[in-house]
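Topology and contacts: notes
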Amino acid sequence: MVNTIGVIGLGVMGSNIALNMAGKGEQVAVYNYTRDLTDKLMEKSEGQPLSPYYELKDFVQSLEKPRKIFLMVTAGKAVDSVIDSLVPLLEEGDVIMDGGNSHYEDTERRYDRLKAEEIGYLGIGISGGEVGALTGPSIMPGGDLDVYEKAAPILTKIAAQVGNSPCCTYIGPKGAGHFVKMVHNGIEYADMQLIAEAYTFLREKLQLSIDEIADIFETWNQGELKSYLIEITAEILRKKDDRTGGPLIDVILDKTGQKGTGKWTSMQAIDNGIPSSIITESLFARYLSSLKEERVAAEKILAGPAEEEWHLDKNVWIDYVRQALYMGKVCAYAQGFAQYKMTSELYGWNLKLSDIALIFRGGCIIRAEFLNLISEAYNEQPDLSNLLIAPFFAEKLKDYQTGLRKVVCEGISSGISFPALSTALSYYDGYRTGRSNASLLQAQRDYFGAHTYERTDIEGVFHTEWNE
């Protein structure tokens, strides 16, 4: 039997990708380093056009030429190991696709190696989790365009569909696909933290019940905040614990994990002077959450502000929280897309930001209603320096900044930690400040290190002997 594509790595994601391909009419060869996962997949895929292989050579020989092999293995050394095993079995023009969360610089290294072997290599960002992998994820392929075109008929078929448009488009050369996925995950970190802070205000400051907060999130999901993360937050808050009968959220330990992509996003931004502060604060919030024992001990020692009586209209403040969350999200997406733009210019990738926004509308974790508006903003101004100054968003934030300012100020005065919301406000205010305090910083640098400075009135580079 001749198979149209092969999948290596049959964990949850790999198995679901294989089932997705088979469900779309592809004849899929499947292989896993250990036999048990292959057998497990075959047991639940009766009647599907899946063919199991237990020897890598047999797997490769079963594929039609040019061979197309989709890797869904753990990022890092495992990817290199599989590539090492595959290369002697492949021929010129064959294609390897890495659908894992590989670091984009690793993808570029692998691309260069396989280019020398005349084997095509695509680094493919996949977003949507296990459900998306099965039913249709957002797909971000990077590599040579002619190599992508060999795989495009399959990739666009298995991607999420919004209307008649697949959530898959060619991103750019070499590691661009995995880079876009990496920053997508950074935006995801920020989005989740912003939602958590909005929840905290509603519960701790407004003292609303879990069911009331779930109602609020359900209502918000019918309007301009409509998104996957808002939707699942309402469902999470509705869930009862089988053991206690109370809300499940109340018995979940408040320690958040992370798998590295948020850290990579922050590190890449720092290395290249890109202000992705909301994403980075969201990462630090996860790190702080891991210090559970220290936080519990500190709660008994460190004092917060004195409690004050609450006299304001809850409905008014619920809408302030809605405005704050919307504005925080826009600022987070603005930072992520600015990181795309600045890195694209750095590497000459020519990323099409309007297309990236469109493929995020379905399948992926950060899918949201306002991605259509983001796409329109970059369609109207392809060289837009920052989403905040797009006419629609500039006007919207002019109206919504009141809500964000009130929520942040009230939260801070109440002793509630709002790292993402407060950073979003600082970013907004910093970005709209034409004359900043950086002049003092530059003077300090020149004073103690003779780093020089530029002037506002005449051109040139200057140094002052400050203690003369």
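All figures in this text were calculated on a predicted structure; none of them were measured in a lab. Within any chain, residue numbers begin from 1 and follow the written order of that chain's sequence. Two thresholds apply to this predicted model, a pLDDT of at least 70 for residue-level local features and 80 or more for giving and counting side-chain atom pairs, whereas whole-chain, interface and lining totals are computed over all residues. Note that water and hydrogens are dropped before the side-chain values are worked out from all heavy atoms of the structure.

1. Points about helix α4 (residues 77-86)
Restricting attention to buried positions, one finds in α4 the residues Val79, Asp80, Val82, Ile83 and Leu86. The arc that holds every buried residue of α4, seen down its axis, measures 160 degrees, which confines them to one face. Where the residues of α4 are buried, they touch β1 (5-8), α3 (56-61), β4 (68-71), β5 (95-98), α5 (104-116) and β6 (120-127). Burial classification: accessible surface area is computed with a 1.4 Å probe over protein chains only, and a residue below 20% of its type maximum counts as buried, one above 50% as exposed, and the rest as partly exposed. Under the DSSP-based scheme used, a helix requires at least four consecutive residues in state H or I and a strand at least two consecutive residues in state E, with every element numbered from the N terminus. The arc under discussion is defined with respect to the helix axis, by the directions toward the C-beta atoms. Between two residues, a contact is recorded if the distance between any of their heavy atoms is within 4.5 Å.

2. What to know about the pairing of strand β2 (residues 28-31)
With burial as the criterion, each face of β2 is covered, one bearing Val28 and Val30 and the other bearing Ala29 and Tyr31. As paired strands, β1 and β2 are joined by four bridges and run parallel to one another. Within β2, the residue paired with Ile8 across the bridge is Tyr31. The definition of a right-handed crossover adopted here requires that, viewed with the strands pointing away, the path from the first strand over the helix to the second runs clockwise. You can see the chain leave β1, run along helix α1 (residues 12-23) and come back into β2, and the turn it takes is right-handed. The criterion for strand pairing is that DSSP finds at least two bridges linking the strands in question. Here β2 pairs with strand β3 (residues 50-53) via four bridges, running parallel. Its bridge partner lying in β3, Val28 is registered against Leu50. Taking the sense of rotation as the criterion, the β-α-β connection linking β2, helix α2 (residues 35-43) and β3 turns out right-handed.

3. Some words on the environment of Arg405
Within the secondary structure, Arg405 sits in helix α17 (residues 391-413). Between the C-alpha atom of Arg405 and that of Leu425, which follows or precedes it by 20 residues, the distance is 7.2 Å. N or O atoms closer than or at 3.5 Å make up a polar contact, with two conditions inside protein: a donor-capable atom paired with an acceptor-capable one, and, for residues adjacent in sequence, both atoms drawn from side chains. Polar side-chain contacts of Arg405 include one of 2.7 Å to the side chain of Asp429.

4. Points about the confidence of the model for the chain
For every residue, the predictor assigns a confidence score, pLDDT, that lies between 0 and 100. In this model, the chain carries an average pLDDT of 94, and 100% of its residues clear a pLDDT of 70 or more. Taken element by element, the predicted model of the chain shows its lowest mean pLDDT in helix α6 (residues 129-135) (90) and its highest in helix α9 (residues 210-220) (98).

5. Describing the nonpolar core
Core analysis: the biggest nonpolar cluster contains 82 residues, and Phe337 and Phe360 have the highest contact counts within it. Sorting elements by how many residues they give to this core places helix α14 (residues 314-347) first, with 15 residues. In this structure, Phe337 is in contact with Ile187, Leu353, Ile356, Ala357, Phe360, Ile374 and Tyr378, ignoring residues within four places of it in sequence. Listed in part, the 30 residues of the second largest apolar core include Ile5, Ala18, Val147 and Ile158. Take the buried Ala, Val, Leu, Ile, Met, Phe, Trp, Tyr and Cys residues and link them wherever side-chain atoms come within 4.5 Å; each set so joined is a nonpolar core.

6. Digging into the packing of aromatic side chains
Centres within 6.5 Å are what make two rings of Phe, Tyr or Trp a pair, Trp counting through its six-membered ring; a difference in plane orientation under 30 degrees is then read as stacked, over 60 as edge-to-face, and the rest as tilted. Using the criterion set out here, one finds 26 aromatic pairs in the structure. Taken together, a centroid distance of 6.4 Å and an interplanar angle of 75 degrees make the contact between Tyr53 and Phe59 edge-to-face. Ring geometry for Phe217 and Trp220: centres 5.1 Å apart, planes at 65 degrees, overall edge-to-face. Taken as a pair, Phe217 and Trp220 lie in helix α9 at a separation of three residues, close to a single helical turn. You'll find Phe217 and Trp220 in the same group, each marked buried. Every member of this aromatic cluster is reached through a ring pair, and the members are Tyr104, Phe179, Phe337, Tyr340, Tyr347, Trp349, Phe360 and Tyr378.

7. So, the packing of helix α8 (residues 176-205) against helix α18 (residues 419-431)
Comment: axis = line fitted to C-alpha atoms, over the contacting stretch for helices; angle = value between 0 and 180 degrees taken between N-to-C directions. Contact pair α8 / α18: the axes reach a minimum separation of 7 Å and the direction vectors enclose 110 degrees. Of the possible angle classes, the one that applies to α8 and α18 is roughly perpendicular. Residues Gln193, Leu194 and Glu197 of α8 touch α18, and the partners they reach there are Pro419, Ala420 and Leu421. When residue character is reported, Ala, Val, Leu, Ile, Met, Phe, Trp, Tyr, Cys and Pro are called nonpolar, Asp, Glu, Lys and Arg charged, and the others, Gly included, polar. The residue makeup of the contact of α8 with α18, split by class, is four nonpolar, one polar and one charged. Should an angle lie under 35 degrees it is considered roughly parallel, over 145 roughly antiparallel, and from 65 to 115 roughly perpendicular; all remaining angles are considered oblique.

8. Focus on the side chain of Thr343
Here Thr343 shows up in helix α14. Owing to a relative accessible area of 1%, Thr343 belongs among the buried residues under this scheme. There is a polar contact of 2.8 Å between the side chain of Thr343 and the backbone oxygen of Gln339. Setting aside residues no more than four positions away along its own chain, Thr343 makes contact with Phe179, Gln268, Ile274 and Trp349.

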